[in-house]
Every structure is written in C-alpha cells, then in structure tokens.
Amino acid sequence: MASTVNIIVGSHVWVEDSALAWIDGEVTRIDGQNVHVQTTMGKKVVVSILKIYPKDTEAPPGGVDDMTKLSYLHEPGVLQNLATRYELNEIYTYTGNILIAVNPFQRLPHLYDTHMMEQYKGAALGELSPHVFAIADVAYRAMLNEGKSNAILVSGESGAGKTETTKMLMRYLAHLGGRSGVEGRTVEQQVLESNPVLEAFGNAKTVRNNNSSRFGKFVEIQFDKHGRISGAAIRTYLLERSRVCQISFPERNYHCFYLLCAAPLEEREKYKLGKPESFHYLNQSSCYQLDGVDDSEEYLATRRAMDVVGISDEEQESIFRVVAAILHLGNIEFAKGEEIDSSVIKNEKSRFHMNTAAELLKCDSKSLENALIQRVMVTPEEIITRTLDPEGALGSRDAFAKTIYSRLFDWIVEKINISIGQDPNSKAIIGVLDIYGFESFKHNSFEQFCINFTNEKLQQHFNQHVFKMEQEEYEKEKIEWSYIEFVDNQDVLDLIEKKPGGIIALLDEACMFPKSTHETFAQKLYQTFVKNKRFIKPKLSRTNFTISHYAGEVTYMADLFLDKNKDYVVAEHQDLLTDSKCPFVANLFPPLPEESSKSSKFSSIGTRFKQQLQSLMETLSSTEPHYIRCVKPNNVLKPAIFENLNVIQQLRCGGVLEAIRISCAGYPTRRTFDEFLLRFGVLAPEALDGIPDDKVACQMILSKMGLKGYQLGRTKVFLRAGQMAELDARRTEVLGNAAKTIQRQVRTYIARKEFFSLRQAAIQLQSCWRAIYACKLYEELRREAASLKIQKNYRCHIAQKSYLSVKRSSIMVQTGMRAMSARNEFRFRKQTKAATQIQAHWRCYKEYSYYRSLQKAALNTQCGWRQRVARRELRKLKMAARETGALKEAKDKLEKKVEELTWRLQFEKRLRTELEETKAQEVSKLQEALHSMQLQIEDANARVLKEREAARRAIEEAPPVIKETPVMVQDTEKIDALTLEVESLKASLLSESEAAENARKACKDADARNTELSKKLEETEVKVGQLQETIQRLEEKLSNSESENQVLRQQSLTMSPTGKTIPARPRTTVIQRTPEKAIILNGETKPTPDMAITPLIAKEPEPEEKAQKSLNDKQQENQDLLIQCISQDLGFSDGKPVAAYIIYKCLLHWRSFEVERTSVFDRVIGAISSSIEGADNNDILGYWLCNISSLLMLLQHTLKASGAANLTPQRRRSSSTSLFGRMSQGLRTSPQSAGLPFLNSRMLGRLDDLRQVEAKYPALLFKQQLTAFLEKIYGMIRDNLKKEISPLLGLCIQAPRTSRSSLVKGRSHANAGAQQALIAHWQSIVKSLDVYMKIMKANYVPSFLIRKVFSQVFSFINVQLLNSLLLRRECCSFSNGEYVKAGLAELEQWCCYATEEYIGLAWDELKHIRQAVGFLVIHQKPKKTLSEITDELCPVLSIQQLYRISTMYWDDKYGTHSVSSNVISRMRSMMTDDANNAISSSFLLDDDSSIPFSVDDLSKSMQMVEVAHIEPPPLIRENSGFVFLHQRSD
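Everything in this summary refers to the structure shown in the same document.

**Here's the deal with the overall build of the chain**
Right, on to step 1. Counting secondary structure elements, the chain contains 45 helices and 31 strands.
Right, on to step 2. Summed over all atoms, the accessible surface of the chain reaches about 80,500 Å², with 53% contributed by carbon and sulfur.

Shown next, in the form of structure tokens:
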C-alpha cells in the first residue's frame, strides 16, 4: 500500500473503477488525504490516498513472465501484467512457482507439440517461458530425484480450462515416462477417454457454467522405480449428492438424467420415461435444454464412451435402468394414512412410478413401499416397526435416491480404474487434482457452503506452501525473517468444522431432531457465533447468514440446509437392494455386517463431506504440491476478450491475491544487486565509482535514502511494501532535476545557435552586395573585350576566304594531271598480270598430270602388296579361329535356326487359325445361300401348282366355243410365262449347286493343307527340342573348356615353369589376347601363331584339381595379408588415401566384383568396422571417412549392375565369368573392350581408362555396406561436433551480466576486458570448429563432405540459438541482440578465414538467427511497417516467430519500444488466418539430422585420380601375390 511520502504530484497511480476494476492515471493535486487523479480515460476522480497504488512506468511493454519480478506487487499490477500478456497470446505467467493459466478460448497448437515438450525436458523452472510443461517437468524431476510423490493442484472456476490443462499435464508426463496401454492406447488417452462418462454422471449446469464438475477428481499417475508410467487411477471426492433431489433455477440436475430422457424412443418406452418436465427431480428448475447441445446426440456419444472405457452392453443397460429408477422414485408422493403419523402412496400415478421403479430395480413392489414408509427400531426388549409421516417418507425417498446414485457413481469410477490398470507396486505417483473453485452467487445454498469449505481447506494448504516457499527464499538469501506474520484462515475452518461448536456440527444436531426447522437452525447459529468476526448476521433476514471467506464475504440461505444435509443409511433400503434380482444392483449394495443391519443409522452429507475432504488433504499432505490456477478471462467464452472484474474476482477466489498478501507481509520487492544498481544507481553516483562490491554499493544507496526495514541477501535486495515506490519517487526527482539541467543546457545551445545564424546571415548579405557591384564592373570589361575580338575575327575571315579560293584552283589543275598519269600506269600493270597468270596455269597443269600418273602407279603397287599380306594374315586367323570360332559359329547358326523355326511355327499357327476362321465363314455363308435358294424353289413350285390348278378349273368352267379361242390364247401365254420362270429358277438352282460344290472342294483342299501344316509343325517342334538339347550340350562343353583355360592361364601367370615364385620387377611381361588374335608383349602387338601359349600350358605338370587347390590357398593368403595391411594406418600418398586404392586395386585384380560368392568383402567390412568401433578419436574417423569416400568413388565409376538376375537359369549359364567367356563376349560386342584390362598396367592408369565391371550381388552389397559406413562416420563426426558446441550455445544465447564498472565512464580497460569475456564462449565455439576443420583437412576428407558437415552444424547452431531466443524472454533484449550479433561476427570472420572451398554456403544456414538478431538491434522499431519487416528485414522468419520476438522484446539499454500495436494486431490476425487454414503455427525450428548427400553427389564432386601412382606399403611390397601393385603407366 502506498504512503503519503510516495505519492507526489505527477506520480502515475492506479485507482479503483466500477467498470474496469482498476484504471491508471496521473496525480494532479493532493489535498491532505484526498488525491485528484486525471485518468487515462479522461475522467477526473478524487480518492483517498490510502486507496491508490503506484504504477510502474518502466514496466516492460510485454509484461513480465514472473510476477515476483514486478516492481509493485499489488492487485492492479498483477491484473495489468496478466492483461498485457494475454493480449500477446502469452497465456501462462508465474507467481513464484505458481502458474497462472488464462484460457485463450482458441487453439494454440504450437505451444503443445512434441518439439516444445523436448525444449522443457530437464529445464529448470523459470529458465524458459512459463508453461504447464515446466510445472509437470519440475514435479517429475522432484519425484525422480527425491523419491517423493508430487501433486499438481489445478483449480479454477468452470470454463477456466482445468480439464484442458490436466490433459496437457498428462500428455507431458506420458512423454517423459510413457507406457503403451491396453490395445495401443496410452495411459493418458485412457484417462481422457473416461472424461465423457464422468462428465455425464458427475457434471451439471450451474449459474456460471453449463458443464460444471460437481465432484473433485484426483488423477494418480503411477511410476515405477525407473520413472516409467506403470499405471493410473482416478480418485473422486466430494460428489454433490444433494443435487440428485434438490435443484434451483437456472441450474440443472446431472446430465445423465436429461440424456436418458432424450434417448431413442424404444429405450424410453423400455424405461417408461417421458419428457424431463414430467419428473419431480428435474422440473424443480425450468431449465431443461442447454444452448448448442443436443441431448440425443450426447446420449449416443456417452454410450460410445462407455464402450471405450470397457463397460459392457449389459452393464450399460443396468446403469441406465438405475438412472431411470431414480427418476421414477422422485415422482412417488405420499399422503396421510389412517393412523397417526402414518403415510400411504398418494394416488395411482405415484403407485405406477413406484411399481416402475421396483420393476427397473428388479425388487418386490410391496417391499419397496414398506422400505419407503416404514422404519424398524431395535430396542433391548423388542424390535418395533413404525410408519413415517408423509414428510418423513419424502425424506426417506430422497435419501434412497441419493444413496443409489452415489453408489452408482462410485461403481463407474471403479470400473474406469479397472479399465485403465493400476500398479499396486508403484514407487511414487504424480497426482493431478481437478476440483471446483470458490463459488459466490446471488443465492447460495448448502452446495456452495460445502464447495467453499473445500476451497478454504485447499487455500490453507496453499498458504502454507507459499509461506514455505517464502521461507526457503529467505533462508537461501540468509536474511532475517522470524518476525514475519503468516496469513492464516484457520479461524474460518474452526467456524465451519470445529467440534462441537462448528456450523456442520450444529447442522447435524438440528437434523437429528425431528422438530427442528431452518429458522431454529439459523437462530442457533446467531446465538453461537455472535462474537465471531468471521460470522455476520444480515440485518433484513432471519434465516440467512454470512461468512467472511478468504475470497470475500458470501451470504448463505439456510432454508434448505437441513433437507440437503440429511442422508440416512436405512437398513430397509440396504436389505431391499441387496436382495434385488438384478446382479448389478445387488453388487452396488453388498450385505452389511450383522450389527449394522438391524437399525437405521443417521448420516449427514456435511459430515461425509468433511471426512472425504480430510482424506483428500491427507493425500495432498503426503505429496509435494505444485499449483496451477486457471482463469477464465470472460464469460462469453470468446478469444481476445479480457474482463478485468471477472479476472480479479477469480484471482481472489483462486488465492493468487492471498499469496500476494503473504509476499507483501514480508518483502514483496526483490531485485538482484545488478538490477537494483542499474535502476537506482543515479541516487548515489558515488556508490558506482570506486566500490567493487555491489552489495556495499546497494547498502550505500539505501542508507543515503534513509530507508528502514529492508534486507540485503546474498544476491538480492529485499524491500518492504512501499519502499520501492519511495525509491522510485526519489529517482523521479533526481531524474527530473537532471532533465532540468539538460533543458537549461539545450536552451543555451539553441540561443547561441540562433545568434550565430543571425551573424552569419549579415555577413552573407554584405558579401552578396559586394558581389553584385563586382559583377557590374566585370560586365563592362567583358563587353569591351568582346568588341575587339569581333573585329579581329572579321578581318581574319576576309583574308582566309581569298586564300582558299586560290588554293582550290591550283589543286584542281594538279588533280587532272596526276589522274592521267595514274591511268596509263594501271593499264600497263593489268596486261602484265594477265600474261603471268596464263603462264602459271599451264605449268601447274603440266606438273599435276605427271604427279597423278606416279600416284596411280604407287597405289596399284601398295594394293597388290597389302592383298598378299592380308591373305597371309587371313590364313593365320582362320587357324586361330578353329579353337573357338567353330563352336561359336555353330551356336550362332543354331540359335538363328531356332529363332527362324520358332517364327515360322508361330506364322504357320497364325495362318492355320486364319484359314479355319475363313473356311467357317465361307461355309456358313454358302449354307445360308443354299437354304434361301431352296426356300425360293419351293415357293416357285407351289405357285406353279396353284397356277395349273387355276388353269384347269378355268378350262372346265369355260363358256361356249365362241369365246374359247381368246381364253385359250391367254392361258397359253400364262403357261409359257410360268414355264420360263420355272426354267430360270432351275438354272439358278443349278448354278448355286455348282457354287456349293466348289465351296465343298475348297474346304476339303483347305483341310488337307491344314493337316499337312500340322504335320510340319509337329516335326518343327521336335527339331526345336533337338536343337535346344544340342545347344545345351555345346554350352556345357564350352563352359568346361573355359574353366580349363582359366585355371591353366592363372597358373601360367602366377608361377614359373620350374614352380618358383616370379620375382617382383618394375615391368612385367603380360600376355594378352587381342581381337585380331595377336599377342601383346609388354604393350606391343606382334603377329604370332594361335598356339603361342601352348608351350606354357604344356609345362604345367600338376593335375587340375591340385592346381586349383593351390590357387585357392594362395588367394586366401593374399586376402589375409590385405586385411592385416589395411588394419594399420597406411596414411596418404600425395593426398590420396593408400588403403582405399590398395583395396580397390586388389579387388579389381582378383576379379572379386564378378564372382557370385566370396568372403573378401565381409573381411574388408569387418576390418573397417573394428577400426572405428567405439572410436572417440575424430582423427581415426576422419581417416576412414576419406578412405571410404575415395573407395566408393572408384566403385561408383567401375561397377555396373549385373543383368544376370533377370535372366533364366539357362541364359545365366551361358554368361560365364571365365576368361574364355569374357573374351568371346568381348569379340561379339566391341573391339575396344575385348582384351584383358586387369592384366594390363596401362588399364590401371587414369580413372577415365577404368572399365565398367558387371558387378554381382556380393559386390553390390559391399558397395551398400560402404555407403552405410560412410553415412555412419559422417554422422559421428557431425554429432561429436554438435555435442562439443552444444553446452557453449546455451551460454552464447544470453549475454552474461557485466559488472558495474561497465556503467562508469572512463573505464576503457575494464570495458575491453568485459567485452573480451562476453565473446569468450563464441571464441570457444570457433576454436572447436577450427580443430575439426584441421582434423578433416589433415586426413584429406573431400571438401564436399567438409562443406556438408559445417552446413549441418551451422544449421544446428541456427536452430538452437533461435529456439532459445523464442522461448526465453530475457534473451529478446537489445543488449543481448548486440551480444549475439558480435558472436555471429566471430563466426563470419572464421568462415572467411576457412574459405568457401571448405565452408560453402554454411554461413547462409544462420539466416534465421541473423535476421532475428538484426531485428533486435535496429532502432525505431515502432516506425517499421509489417511489410518492411517481412519483406526487407526478416523475410525468412515466419509470422509466428516475428510475433513472438516483437511481443517479448525489451530494451534494457536505451529504453526503446517494440513495434507498434497496429503491427502486432496485423500479425495476430494473420496467425489466426493461418490457424483457420490448417497451416502449422509452430514457431520453433527442427534440427535436420539426416544425411544430406548421396553417393552419386559425392562421386560427381570428387576429382579424377590416377590409381596406378600409389606406392604399396612395406608389408605387401615384396610379396609376389601383389606384383600388380608395382605396375605404373607410362
């Protein structure tokens, strides 16, 4: 609280406002205890000086992430800080180790992704921005380190985000110690999947929230000794049982009742349910529907959720039978019976509901009636049965309903716990408590009383924890604190729960007396607590009472306290449901012990509530608590709305302001010595000069200001409440005086400047007048000089004109004479040249004719000689071809014949098919034509018969002879016509018959041809089979011959005829067969007979098998020697890795790439693996990185994938890898590749001359293994460098605190030393980079790989620095930007020194951090527009990153501000659009640890090398098996 000393005219203060809670303004006048304030809203108010608080005008524009860092820790300061951060989407804020979470009412996925979890993993509290993950991490680390269970208490009113916060806590804990649950679901998922079920049966609509939890939920996440999640359990506390029977407008009962009433029609008919308005337990409030909620859909969703958590269909059926039975119980009414104090069922409607309830519970209807209206009293003498009056029967009914519902809820929770799976052997737990917050409505009843009692208990626990934290802080700083008073609420708890005089005890006492009423209960309270300062009696009420809670005064209505508190455990109810025929209902009520089942026992909800609360407090006391206070910023549940009054009320109810009061009771303001001196050093400048100890300097400043009661700890200054405001007032006064001095000096400077400007103006005016006079004089002199120049030039012009006229005339005469002489000379020379050319052409023709005759004669002579030589060579070649050519030609001919016969067979088949189809078509056409002709003939015959019959009848009926002649003539004509028609038809029939006959003959001929072709086809198939067998035999014979030639030739090359080893010599005589069957002797081609090698072969006396065995042993010895050699460090020869080229030349010489099976590759890989296994020495890794990359480059240019895998087995046999097979294949393909390059030293010259080898599977696998080793070694070097610089990067992102000496002027040496200390970490990074660069250069690692290593390392630096900058607000300062910029300059200087050959574009990988740092250190940020920032200053940074930097920026050097609010608003709107468009909103960068290159990239980047110029190592230099390594190219 402020004091009169602290508030002066001009001070900025906070005053209370009815609409905004607190509003800031400036003090304009002080009248005693009244202060006149001009608010920023334009209003003028007059308030008491005791009701205003000072405002920190130097607070960061983005707020502080820990409110203990506020200069003024009071209610308006806390509210303003939360509002400022909420406007910037910073929803989390610390108050010490308490986290305040403001519900954003929008998705912020970038705050909760896996990358964010990794950032908070293992980070100390306060090191990064406030986050719910930080609280979870602290709890998890404390559990692991101390072995003690921890609890996280999440509180807040409905809609504040408690459930979502709990979800995030469990997600993070699952990330740290996750275990897969049942069916692939994690424990976190299973717990969250139970929420819909618990909400349906435990949530209800209240005044402030449509989905308010009416129970406390404590989620125990169980861990084993290794810190892995081993199980979980949900503990529920303090279910509001009275809500089942009594509700008030505008609240609702539990959701499940309304959901069941909205179920499908067949289910409602099964349970005999109607609308909610027809049930007494639901129609006490006229609110039946929730806005935006469809109860029918919610019912189906609840059924699905029950399936998920493992509740079977039969159990679900039983659950809803019980819920329906409770609704029917509520509609049972009672009337007075015939006897006194007796009751009966009121009417048939009530009896219908009773019978329905009995039917649903599967118990006897009469037994249910007796259980409701009768009681059994057990006395020592006898058992008495008495009936209840109607009021007692109603109480019995309600108690029955509440008991059933409570048991049902407990069963559901137990079922969920069984589904999740608990670990009885867990070593520790982390509990997450989600419980209802403090409630204060216009009308408060028994439910609010119990809830607020719970919050009073939790607040006491919270206060003790906060006070404990304060004590730890004081003890850590070694200051005196024993006199500080602890703010406690024990008096309120005694008022409520103390025995025998507490409110709950008095309520239970009143409930046990039948004649007690709410008025007598209220009067008893008034009499008992008349002197209690926490208990207040309202003036205008006889039943209400007010309790002064920690969060404020709450008035309770005692009208329904007695009814809602009664909770009889009736033995008749127990016996009735225990005997139920429904197993589910019977399990809800297991049999009680014999002694407790004989009578009814009174039990109150208040007492049960107090017992459960005590159990919860015992659980919390056994754990280390952590607190998260959730705040709902507005009641409309929309983003970007911050209602001050609503938030301040929640802060009071959540105990945050109570924690502030505890801090204010001690030392609310704490500043480190550096911060204190930086802010208040101006009060005593002498303390900054000459005093090296910061603590002594702070002591001097405080003593000079005359403050009392402060404390100086080890690293901080602790100030009492109000002292910060007093120091600020003194500082404002000093700064004001300094400002006046500055103003005085500035005014002097301005006046002096104006004087000098006036004097300068006068001098300039005089100079101008003198200049004008001089100009006039100069003009007169210039005119006189001009006239003289004109006269001179005119006279010159006249004389020049006369001279030019004479000159032109003389030139014309001279020109004519010279032209005539020149024409004569030209004519003479032309004639001479023509004669010369004629003579030259004649001589040329003559000599050319003679030359052509000589050339023709020479050509004839040469052709004759060459023909003779060619014939001789042809004979030699034919003799040489008899060995291989005959078989080859026979094979080729047979293959061609097989292909020709196969083609002919297919052609004959296709021809036969076409003929058959044509034949069938022709036959069908002829048959159709024949059939049609037959029909026409039959029709014509029928017509002829008819005509004849008609003619006969006409003749018989003919008239007299007179008319006979014409009739006869007509009939005769008709007969003739018909006869002609018949003849024509016969002729056509005959022609058709002949055509049909011809078709039949053609068909027979076609059948004959087809038969003949079929026979030929069968014969052809037989011949094809025979040819294939013949080819197979020839190929086998050819393969055997090739194997024999291979063995004999190898033996002739490796051993001398006498059996001795061939000595090493610089030039080896190598025999190589060329396509022209010549012999290459030492590189020179000489013609020789084909059998020139026969003597060598004949001299080998040993059998073939023995020679082959000897050859294998020799090959094995050579391999052993190679492996032994490469296991050593062979070094480099002229910058080339010796081991790589030795391996390559050996494998190529041994033809290992072309064999199907070999072990040499596995042995080479094993040798490389053993060399780098566990190698921490980067020098060894660099050595093998160079060797493997060089070997891969050689293999990439040499090996080609074999096509044998795609061939048939027969084809694969023909593609032999023997010497003879490769020679014959080379003769068939290209003459250039027909020789034996592995035996010729010239072919081991430059890489351009290396031949392509058709690699088999082992060679390709070897190449893949080498690629894997290359990637592994590359990754090891890169990761080693990352690990080495990673700790330094954490020190490089935030500038270390400089000493006060840097604040004093004239300390250049100290400043230089401080600057050197600032960049020491960066220099260490540069040193590490330089060491790795030298190691890779010394091992001749390809520059391509070096560039890739440093590109990825610089990308890692970029990611780490930018992510730290975005997560830590203290890093987003101006001075820190300068520090990081200086460090980046060190890196840039090193890049220039290392040259682009080895660094490449690595510097560009730092573009994100470079632009972010550049943005931090620019001036006049408020003048920058969004387009300028995104297009010019920071084009690569995303809007999310720019927004975070802009909102977290603070200038600790010059006090400048961040970008304008308009730019911030535009950034926020763009982020919202991105979120709506499903664009990723994460602002953190990911480190890419992949391999950024392929073998092709590496091969293309490396230069061509000369393989032959490698000197063999001493171990194999004198060995005869490695003679080929000595061969060099010319």
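**A short note on the environment of Ser-1489**
Right, on to step 1. Checked against the element boundaries, Ser-1489 lands in the loop between helix H43 (1461-1476) and helix H44 (1495-1501).
Right, on to step 2. By relative accessible area, which is 44% here, Ser-1489 ends up partly exposed.
Right, on to step 3. The spatial distance from the C-alpha of Ser-1489 to the C-alpha of Val-1353 is 9.7 Å, given a sequence separation of 136 residues.
Right, on to step 4. Leaving out residues up to four positions away in the same chain, Ser-1489 has contacts with Arg-1278, Lys-1282 and Gln-1352.

**Quick word on the pairing of strand E2 (residues 21-31)**
Right, on to step 1. Pairing between strand E1 (residues 12-17) and E2: six bridges, direction antiparallel. Counterpart to Val-15 in the pairing with E2 is Ile-23.
Right, on to step 2. Where E1 folds back on E2, the antiparallel hairpin that results is connected by three residues.
Right, on to step 3. The pairing of E2 with strand E3 (residues 34-39) spans six bridges and is classified as antiparallel. Looking across to E3, one finds that Val-27 is bridged to Val-37.
Right, on to step 4. Here E2 hands over to E3 after two residues, with Gly-32 in that stretch at a positive phi of 65°.

**So, the pattern of salt bridges**
Right, on to step 1. Counted under the stated rule, the structure contains 33 salt bridges.
Right, on to step 2. Residues Lys-415 and Glu-315 are paired through a salt bridge, measuring 3.4 Å at the closest nitrogen-oxygen approach. Note that Lys-415 is positioned in helix H13 (residues 390-420) and Glu-315 in helix H10 (residues 313-330), a separation of 100 residues in sequence.
Right, on to step 3. Notably, a salt bridge pairs Lys-1334 with Asp-1330, separated by 3.4 Å at the nearest N-O pair. Here Lys-1334 pairs with Asp-1330, and both are found in helix H37 (residues 1320-1338), just four residues apart, close to one helical turn.

**Focus: the nonpolar core**
Right, on to step 1. Core analysis: the biggest nonpolar cluster contains 265 residues, and Phe-201, Phe-257, Ile-628, Phe-1350, Leu-1365 and Trp-1390 have the highest contact counts within it.
Right, on to step 2. Here this core takes 15 residues from helix H38 (residues 1343-1367), the largest share from any one element.
Right, on to step 3. With near-sequence residues (within four places) excluded, Phe-201 lies in contact with Tyr-254, Cys-256, Ile-319, Phe-320, Val-323, Tyr-405, Leu-408, Phe-409 and Ile-412.
Right, on to step 4. Within the second largest apolar cluster, 51 residues are counted, among which are Val-466, Ile-504, Leu-525 and Phe-561.

**Section: the side chain of Asn-1339**
Right, on to step 1. Here Asn-1339 lies in the loop between H37 and H38.
Right, on to step 2. With residues up to four places along the chain from it excluded, the contact list for Asn-1339 reads Phe-1132, Asp-1179, Gly-1182, Tyr-1183 and Cys-1186.

**Quick word on the packing of aromatic side chains**
Each aromatic ring pair is characterised by the separation of its centres together with the angle its planes make.
Right, on to step 1. In this structure the tally under the stated criterion is 34 aromatic pairs.
Right, on to step 2. Between the aromatic rings of Phe-535 and Phe-545, the centroid separation amounts to 5.7 Å while the plane-to-plane angle is 15°, which identifies the pairing as stacked. Taken together, the positions of Phe-535 in strand E18 (residues 535-536) and Phe-545 in strand E19 (residues 544-549) put the pair ten residues apart, joining distant regions of the chain.
Right, on to step 3. Of the residues examined, Phe-545 reaches a relative accessible area of 0% and is grouped as buried.
Right, on to step 4. Connected via pairs of aromatic rings, a cluster forms that spans Phe-446, Phe-449, Phe-521, Tyr-526, Phe-529, Phe-535, Phe-545, Tyr-556 and Phe-561.
Right, on to step 5. A cation sits over an aromatic face here: Lys-55 above Trp-14, 5.4 Å from the ring centre.
Right, on to step 6. Arg-252 extends its terminal NZ or CZ atom over the ring of Tyr-258, reaching a point 3.9 Å from the ring centre.

**Topic: the sheet that holds strand E24 (residues 716-719)**
Right, on to step 1. Across the sheet, three strands lie side by side as E22-E24-E23; this open sheet has antiparallel pairing. Taken across any chain shown, the strands that pair with only one partner, and hence form the sheet edges, are strand E22 (669-672) and strand E23 (711-712).
Right, on to step 2. One ladder, built from four bridges, connects E22 with E24; its direction is antiparallel. In the sheet register, Thr-669 faces E24, and the bridge partner there is Leu-719.
Right, on to step 3. Against the sheet, helix H14 (residues 446-477) engages E22 and E24, with an angle of about 130° to E24.
Right, on to step 4. Each of E22, E23 and E24 is contacted by helix H24 (residues 673-680), which is oriented at about 95° to E22, the strand it contacts most.

**Some words on the side chain of Asn-634**
Right, on to step 1. For Asn-634, the position within the fold is in the loop between strand E21 (624-631) and helix H22 (644-653).
Right, on to step 2. A polar atom in the side chain of Asn-634 sits 3.3 Å from the backbone nitrogen of Val-636.
Right, on to step 3. Engagement of the side chain of Asn-634 in a polar contact is seen with the backbone oxygen of Lys-638, the distance being 2.8 Å.
Right, on to step 4. Apart from the residues lying within four places of it in its own chain, the contact partners of Asn-634 are Phe-105, Ile-641, Glu-643 and Asn-646.

**Some details on the pairing of strand E6 (residues 92-95)**
Right, on to step 1. Here E6 shows a buried face lined by Tyr-92 and Tyr-94 and a second buried face lined by Thr-93 and Thr-95.
Right, on to step 2. In this structure, E6 lies alongside strand E7 (residues 98-102), joined through four bridges in antiparallel fashion. The residue bridging Tyr-92 from the neighbouring strand is Ala-101, located in E7.
Right, on to step 3. What sits between E6 and E7 in their antiparallel hairpin is a turn of two residues, with Gly-96 showing a positive phi close to 70°.

**Concerning H22**
Right, on to step 1. Taking burial as the measure, the ten residues of H22 include seven buried ones, the bulk of the element.
Right, on to step 2. Taken together, the buried positions of H22 are occupied by Asn-644, Asn-646, Val-647, Ile-648, Gln-650, Leu-651 and Cys-653.
Right, on to step 3. Residue Gly-655 follows H22 closely and has a positive phi angle near 85°.

**Here's the deal with the packing of helix H32 (residues 1178-1198) against helix H35 (residues 1257-1292)**
Right, on to step 1. Where H32 meets H35, the axes come as close as 9 Å, and the angle between the chain directions of the two elements is 145°. In the crossing of H32 with H35, the sense of the turn from one axis to the other is left-handed. Contacts from Asn-1178, Leu-1181, Gly-1182, Trp-1184, Leu-1185, Ile-1188, Ser-1189, Leu-1191, Leu-1192, Leu-1195 and Gln-1196 of H32 reach H35 at Phe-1262, Lys-1263, Leu-1266, Thr-1267, Phe-1269, Leu-1270, Ile-1273, Tyr-1274, Met-1276, Ile-1277 and Asn-1280.
Right, on to step 2. Grouping the constituent residues of the contact of H32 with H35 by class yields 15 nonpolar, six polar and one charged.

**Here we look at the sheet that holds E21**
Right, on to step 1. Spatially, the seven strands line up as an open sheet ordered E6-E7-E21-E8-E17-E11-E12, and their pairing is mixed. The strands lining the two open edges of the sheet, one partner per strand, are E6 and strand E12 (229-237). Going from strand to strand, the sheet's axes swing by 20° on average, the running direction of each strand aside.
Right, on to step 2. Of the pairings in the sheet, the one linking strand E11 (residues 216-223) to strand E17 (residues 428-434) comprises seven bridges and is antiparallel in character. Bridging across to E17, Ile-221 finds its partner in Ile-430.
Right, on to step 3. Contacting strand E8 (150-155), E11, E12 and E17, helix H21 (residues 605-621) crosses the sheet at an angle of about 150° to E12.

**Some words on the environment of Gln-1389**
Right, on to step 1. Its place among the elements puts Gln-1389 in helix H39 (residues 1374-1399).
Right, on to step 2. Residues Gln-1389 and Val-1326, 63 residues apart in the sequence, show an inter-C-alpha distance of 9.5 Å.

Procedures and definitions
- Residues numbered from 1 in each chain as written.
- Predicted model: local features only at pLDDT ≥ 70, side-chain atom pairs only at ≥ 80, totals over all residues.
- Heavy atoms only, no water.
- Helix = DSSP H or I, 4+ residues; strand = E, 2+ residues; numbered from the N terminus.
- Areas by Shrake-Rupley, 256 points an atom, 1.4 Å probe, with all protein chains shown as cover.
- Buried < 20%, exposed > 50% of the residue type's maximum accessible area, 1.4 Å probe, protein only.
- Contact = heavy atoms within 4.5 Å.
- Pairing = 2+ DSSP bridges.
- Salt bridge = Lys/Arg side-chain N within 4 Å of Asp/Glu carboxyl O.
- Core = buried A, V, L, I, M, F, W, Y, C linked by side-chain atoms within 4.5 Å.
- Phe/Tyr/Trp six-rings, centres within 6.5 Å; stacked < 30°, edge-to-face > 60°.
- Lys NZ or Arg CZ within 6 Å of the ring centre and 35° of its normal.
- Axes fitted to C-alpha atoms, helices over the stretch in contact; angles between N-to-C directions.
- Polar contact = N/O pair within 3.5 Å; in protein donor to acceptor, adjacent residues only side chain to side chain.
- Left-handed = near helix turned anticlockwise from the far one by under 90°.
- Nonpolar A, V, L, I, M, F, W, Y, C, P; charged D, E, K, R; others polar.

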